[in-house]
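# Topology and contacts: notes
The lines below spell out each chain.
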Amino acid sequence: GQQVQQSPTSLVLQEGENAELQCNFSTSLNSMQWFYQRPGGSLVSVFYNPSGTKQSGRLTSTTVIKERRSSLHISSSQITDSGTYLCAPDTNAYKVIFGKGTHLHVLP
Amino acid sequence: NAGVIQTPRHKVTGKGQEATLWCEPISGHSAVFWYRQTIVQGLEFLTYFRNQAPIDDSGMPKERFSAQMPNQSHSTLKIQSTQPQDSAVYLCASRTGSSYEQYFGPGTRLTVL
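Here's a quick rundown of the structure.

Thresholds, definitions, all that
Residues numbered from 1 in each chain as written. Chains lettered and ligands numbered in written order. Predicted model: local features only at pLDDT ≥ 70, side-chain atom pairs only at ≥ 80, totals over all residues. Heavy atoms only, no water. Salt bridge = Lys/Arg side-chain N within 4 Å of Asp/Glu carboxyl O. Helix = DSSP H or I, 4+ residues; strand = E, 2+ residues; numbered from the N terminus. Buried < 20%, exposed > 50% of the residue type's maximum accessible area, 1.4 Å probe, protein only. Contact = heavy atoms within 4.5 Å. Pairing = 2+ DSSP bridges. Axes fitted to C-alpha atoms, helices over the stretch in contact; angles between N-to-C directions. 1 Å grid on protein atoms, 1.4 Å probe; cavity = no way out; pocket = protein on both sides within 12 Å on 5 of 7 lines; lining within 4 Å. Points joined across faces, edges and corners; volume = space filled by probe spheres on them. Nonpolar A, V, L, I, M, F, W, Y, C, P; charged D, E, K, R; others polar. Disulfide = S-S within 2.5 Å.

## Re the pattern of salt bridges
Applying the stated criterion across every chain, the model contains five salt bridges over all chains. Taking the shortest distance from any N to any O, the salt bridge between D81 of chain A and R58 of chain A comes out at 2.9 Å. Of this pair, D81 of chain A sits in the loop between β8 (69-74) and β9 (83-90) while R58 of chain A is found in the loop between β6 (52-56) and β7 (59-64), placing the two residues 23 residues apart along the sequence. The class for R58 of chain A is partly exposed, based on a relative accessible area of 25%. In this structure, the salt-bridge partner of K62 of chain B is D57 of chain B, at a minimum N-O distance of 3.5 Å. For D57 of chain B, a relative accessible area of 42% gives the class partly exposed.

## A look at the side chain of T102 of chain A
Residue and element names in this part refer to chain A. Tracing the chain through its elements places T102 in strand β10 (residues 102-107). Given the relative accessible area of 0%, T102 is considered buried. Apart from the residues within four sequence positions on either side, T102 is in contact with Q6, S7, P8, T9, L21, G83, T84 and Y85.

## Side note on the sheet that holds strand β1 (residues 4-7) of chain A
All names here are of chain A. A sheet is described by the order of its strands in space; here five strands give the open sequence β1-β3-β8-β7-β6, paired in antiparallel fashion. Among the strands making up the open sheet, the edge pair consists of β1 and β6. Put simply, the sheet's adjacent strands are angled 15 degrees from each other on average, direction ignored. Two strands pair when backbone bridges link them, and strand β3 (residues 19-25) and β8 are joined in this way by six bridges, in the antiparallel orientation. From the neighbouring strand, C23 faces β8, where its bridge partner is S70.

## A few points about the layout of surface pockets
Here the largest pocket defines a volume of roughly 660 Å³. Surrounding the largest pocket, 31 residues form its lining, Q37 and G40 of chain A together with Q37, T38 and I39 of chain B being those nearest its centre. Counting only elements with at least two residues in the lining of the largest pocket, the list comes to β9 and β10 of chain A together with β4 (31-38), β5 (42-50), β9 (88-95) and β11 (108-112) of chain B. Here the lining of the largest pocket gets four residues from one element, more than from any other, and that element is β11 of chain B.

## So, the pairing of β10 of chain A
Residues and elements named next belong to chain A. Residues of β10 alternate between two faces, with T102, L104 and V106 buried on one and H103, H105 and L107 left unburied on the opposite face. Pairing geometry for strand β2 (residues 10-14) and β10, over five bridges, is parallel. The residue of β10 that forms the bridge with S10 is H103. For β9 and β10, the ladder comprises three bridges, and the chain directions are antiparallel.

## Description of empty space enclosed by the protein
Tallied over the full model, the rule gives one cavity of 30 Å³ or more. Estimated volume of the largest cavity: approximately 80 Å³. What lines the largest cavity is a set of 12 residues, among which Q33, D90 and V96 of chain A together with Y100 and Q102 of chain B lie closest to the centre. Elements represented by at least two residues in the lining of the largest cavity include exactly β4 (31-37) and β9 of chain A. Residue contributions to the lining of the largest cavity peak at three residues, all from β9 of chain A. Taken together, the residues of the lining of the largest cavity break down into seven nonpolar, three polar and two charged.

## Details of the state of the cysteines
Residues and elements named next belong to chain A. Tallied over the full model, the rule gives two disulfides over all chains. The disulfide partner of C23 is C87, and the S-S distance across this bridge is 2.0 Å. Between C23 and C87, the S-S dihedral sits near 70 degrees, and the bridge is therefore right-handed. Remark: C87 occurs in strand β9 and C23 occurs in strand β3; sequence separation between them is 64 residues. Across the pair, C87 and C23 agree in class, each one buried.

Structure, rendered in structure tokens:
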């Protein structure tokens with residue numbers, strides 16, 4: 001079946017360091033959606049990225065459709081960036097399959 | 001735009017009781033999804049409605065779970081005879097018919113004692 005692999009599973013950073021989160025998908029996809037979730041919180045869409053690179057503040061998403069992968073770069077991390085980042089490939093089907101997420105902890 | 005609304009935010013039931021969860025999608029969104037999230041399984045797809053019609057319920061445990069969308073402004077997820085393994089956060093999401101970008105509600109945390 002379709003699989004979504006996110007790496008790393010968890011990441012601990014000192015405030016100010018950069019982070020690179022990866023998402024790989026086993027079959028073809030049309031685009032990628034990245035979500036952020038605080039512990040006990042809901043999912044907030046961070047990026048909906050059909051292809052190429054999109055930037056929003058300190059966050060940059062790059063999706064390479066042909067290679068079935070997407071990355072989320074966080075620059076100058078802040079404590080408030082702590083939480084879980086989930087990727088969800090859009091496979092031209094209504095059913096969205098999520099990765100297990102990357103748990104990010106930013107320390108002061 | 002109030003976003004996707006889910007009620008209640010928390011629900012505690014005893015084993016064997018019924019639980020009904022409510023979702024109000026964003027106005028104008030024609031697609032509604034239900035997901036279940038646990039630490040062990042992560043986010044799992046449960047069911048999908050398009051223009052109020054049930055399209056796919058392949059993620060629903062067959063015997064005790066049911067979902068309905070009686071009108072375009074709300075959907076319900078009903079769990080009969082709740083079991084401890086049903087404890088999870090149940091998330092509702094909606095999107096327009098022309099985009100795959102989903103918007104999630106805050107979720108309902110169900111605890112079955």
